[in-house]
Amino acid sequence: MQSPKKVGEDIQKATLAWKGLKITVKLTVVNRVATVEMVNTASALVVKALNEPERDRKKGPKNVKHSGNITLKQVFEIARTMRAKSLAREFAGTVKEILGTAFSVGCTVDGKSPREVQRMIDDNEVEIPKA
């Protein structure tokens with residue numbers, strides 16, 4: 001049986017790269033041994049792509065708007081990571097899901113509003129790779 005302290009330390013080790021971000025962790029217990037697995041979420045990946053300095057969530061301000069800018073290439077990378085969890089039939093749909101997340105996080109994509117980029121995808125003005 002693993003002690004709760006040991007499980008907590010395992011979670012801490014697994015999430016070091018995501019310091020200051022809210023992420024989901026999946027605990028799998030087999031024969032009383034817990035293994036820690038990261039569950040990627042679109043919002044965490046978008047905020048991580050912004051490369052903002054890490055902040056202490058306990059002390060800092062609440063409801064921070066992430067006003068940075070990410071590239072369309074980064075959006076494609078995030079969409080590839082999230083493709084398995086996406087409900088969209090095509091990759092373009094997954095890209096639009098990530099753009100929706102970018103809009104809710106408050107960042108821009110290539111200097112434009114994520115909504116504007118979604119409209120450009122709908123109008124076939126943006127080339128979307130197959131996957």
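Just so you know, these numbers come straight off a predicted model, no measurement behind them. (Residues numbered from 1 in each chain as written. Predicted model: local features only at pLDDT ≥ 70, side-chain atom pairs only at ≥ 80, totals over all residues. Heavy atoms only, no water.)

**Looking at the pattern of salt bridges**
Here is the rule: Every case where a carboxyl oxygen of Asp or Glu lies within 4 Å of a side-chain nitrogen of Lys or Arg is listed as a salt bridge. By the criteria applied, helices consist of DSSP H or I runs no shorter than four residues and strands consist of E runs no shorter than two, each listed in order from the N terminus. The buried label applies to any residue whose accessible area, calculated with a 1.4 Å probe on protein chains only, is under 20% of its type's maximum; exposed applies above 50%, and partly exposed to all values in between.
With the rule as written, the count across this model stands at five salt bridges. Here D10 and K6 are joined by a salt bridge, their closest N and O atoms 3.0 Å apart. Here D10 and its partner K6 are both found in helix 1 (residues 4-14), four residues apart, which amounts to about one turn of the helix. Taking the relative accessible area as the measure of exposure, D10 reaches 17% and is therefore buried. With a shortest N-O distance of 2.9 Å, E116 and R119 are connected by a salt bridge. Separated by three residues within a single helix, E116 and R119 lie in helix 5 (residues 114-122), roughly one turn from each other. On the accessibility criterion, E116 (33% relative accessible area) is partly exposed.

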